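The chain contents come next:
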Amino acid sequence: NMAAQETQLATLTDQERQVFEQFVKELAKWNASPEIALRCLMARKFEFPRALDLFKAYHTSLVPQANPETTSVDDVLMGLNTSSLMLTGGRDREGAAIIEYNVLKHLESKLSHEESLRVALYIVHKALDSMETKRKGLTIVSNMTGTAWGNLDRNMHKLMLDTLQNRYPARVRLLLAINPSWMTSAIISLVKPFIKNKLAGKIQVLKNFQALAQFIDPSQVTSDLGGTLVYNHTEWIDACRVQDQARGAPPPPVNMSGDIGDQLQSQMRRYVPRAEQHEDDDEPIEPETAAEELARTRKDAAVAAAAATQREVEHVASAKAAEDKAKAEAELKAHREQEAVAAAKKEAEIKAKADAEAAAAAAAAKAAHEKTLKEEEDKRKADAAAKAAKAAEDKAKQEAAAAAAAAKLAEEKAKAEAEA
């Protein structure tokens, strides 16, 4: 690990190395590893204050609840086996590591939000072992084929996105959603203008797998996304297990404080009433004291109350989801009606303008034609007048010549008579 870290540090510029050394000293008070220090700096482009804020959020709100540094592959094996999230080794056209996310498989897995988050963090943590990924970031490709807006786990996606953006040292380059339902696509389009520009710019909605090629070469994604990349998820899990054993990672400590801790604890707890224990258990069942029986009764009541509360919460959440869906559909319908009215108005304006331009063009053409006819008539008249004038001139010349000839003839006759 030390050799690998030195290899990664060797790729830093002198300025980055200086900031890194200062940052490691700053984090010494929290006993943070140099690797986490490097990840925080890379995620915030070596901007010291922003990297420090990110580390504090990571250390105080994420590590106590689901520490990715101490999570092993077996801790998240159930989630990994769903194949809903896969780190395939592919990279997008800018070099960011690709995580393939099959939304339908996630929905079918029925994992809790915390279990899903721990699986995602484990995979992201593994991806960031690469220096190239630290620098180039992650591209998450969500295959939404077969899903609808009504059955999307929006709270889980919000939790995961918030964690990756604000509480975990990683750079998310792109979020690509492929084959969403028309409702999902429309709602994403409606809400994007209200999202921060930096985040909104990372979200791209693609209608089909072919559209993915503008961001990722098909050789870099698996057949699940229409690509040709060969990937074996079971072999990847086995390789992770070998790496975890080599580093000797201890079981992750779970802090059972806070809402997420409480939910994690409820998922991990496996309470079995004493009446259901088998007689051939290794440990004999001792008779309960009155205090033990009272404690067990209270515990059973608390579990039942918690279950009832959970059912009520789920019912409220379901009703809220239905209400949100109806509201979204109404807003979408109103938006489409507004767009239709605006389109009709625009079409009418364009038609009126085109009609006016056509009428003006026709009038101009008629005027030009009439002008041409007048010019031709004037020319014809001028030519006729010129021709008549020429004919008159020629006649006058002929008459003058005839008169001159007659006069000369008379003169010669008179002269001849005189001489005679």
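This brings us to the packing of helix α2 (residues 14–27) against helix α4 (residues 48–66). At a closest axis distance of 11 Å, the pairing of α2 and α4 adopts a crossing angle of 35 degrees. In this structure, α2 meets α4 at a crossing whose hand is right-handed. Contact residues: Val19, Gln22, Phe23, Glu26 and Leu27 in α2; Phe48, Ala51, Leu52 and Phe55 in α4. Each residue belonging to the contact of α2 with α4 can be placed in one class, and the counts come to seven nonpolar, one polar and one charged.

The next subject is the sheet that holds strand β3 (residues 138–143). On the basis of which strands lie adjacent, the open sheet formed by five strands has the order β1-β2-β3-β4-β5 and mixed pairing. In the strand order of this sheet, the two ends are held by β1 (85–91) and β5 (203–206), each with one partner. Shown here is a sheet whose adjacent strand axes are inclined to one another by a mean of 25 degrees, direction ignored. As defined by bridge partners, β3 adjoins strand β4 (residues 172–178) across six bridges and the pair is classed as parallel.

Next up on the list: unusual backbone geometry. In terms of backbone geometry, most residues other than glycine have negative phi values and most peptide bonds are trans. Look at Lys45: it is not a glycine, yet its phi comes out positive at around 55 degrees. Here Lys45 shows up in the loop between α3 (34–43) and α4. With a relative accessible area of 54%, Lys45 lands in the exposed category. Despite not being glycine, Ser83 has its phi angle at roughly 60 degrees, a positive value. Considering the arrangement of structural elements, one finds Ser83 in the loop between α5 (77–80) and β1. For Ser83, a relative accessible area of 18% puts it in the buried group.

Below, the discussion takes up the pattern of salt bridges. Per the stated rule, a full pass over the model turns up 20 salt bridges. A salt bridge links Arg241 to Asp74, with the shortest nitrogen-to-oxygen separation between them at 2.9 Å. Here Arg241 is found in helix α12 (residues 233–247), whereas its partner Asp74 is found in the loop between α4 and α5, with 167 residues between them in sequence. As a salt-bridge pair, Asp378 and Lys374 come within 3.1 Å of each other at their nearest N and O atoms.

The next point concerns the packing of α2 against α3. Axes are the key here: two packed helices are described by the angle between their axes and the distance separating the axes. Where α2 meets α3, the axes come as close as 9 Å, and the angle between the chain directions of the two elements is 120 degrees. Taken together, the axes of α2 and α3 are oblique relative to one another. Two packed elements cross with a definite hand, and for α2 against α3 that hand is right-handed. Across the interface between the two elements, Val19, Phe20, Phe23, Val24 and Leu27 of α2 pack against Pro34, Ala37, Leu38, Cys40 and Leu41 of α3. Classifying every residue of the contact of α2 with α3 by side-chain character gives ten nonpolar, no polar and no charged.

What counts and how
Residues numbered from 1 in each chain as written. Predicted model: local features only at pLDDT ≥ 70, side-chain atom pairs only at ≥ 80, totals over all residues. Heavy atoms only, no water. Axes fitted to C-alpha atoms, helices over the stretch in contact; angles between N-to-C directions. Helix = DSSP H or I, 4+ residues; strand = E, 2+ residues; numbered from the N terminus. Left-handed = near helix turned anticlockwise from the far one by under 90°. Contact = heavy atoms within 4.5 Å. Nonpolar A, V, L, I, M, F, W, Y, C, P; charged D, E, K, R; others polar. Pairing = 2+ DSSP bridges. Buried < 20%, exposed > 50% of the residue type's maximum accessible area, 1.4 Å probe, protein only. Salt bridge = Lys/Arg side-chain N within 4 Å of Asp/Glu carboxyl O. Parallel < 35°, antiparallel > 145°, perpendicular 65-115°, else oblique.

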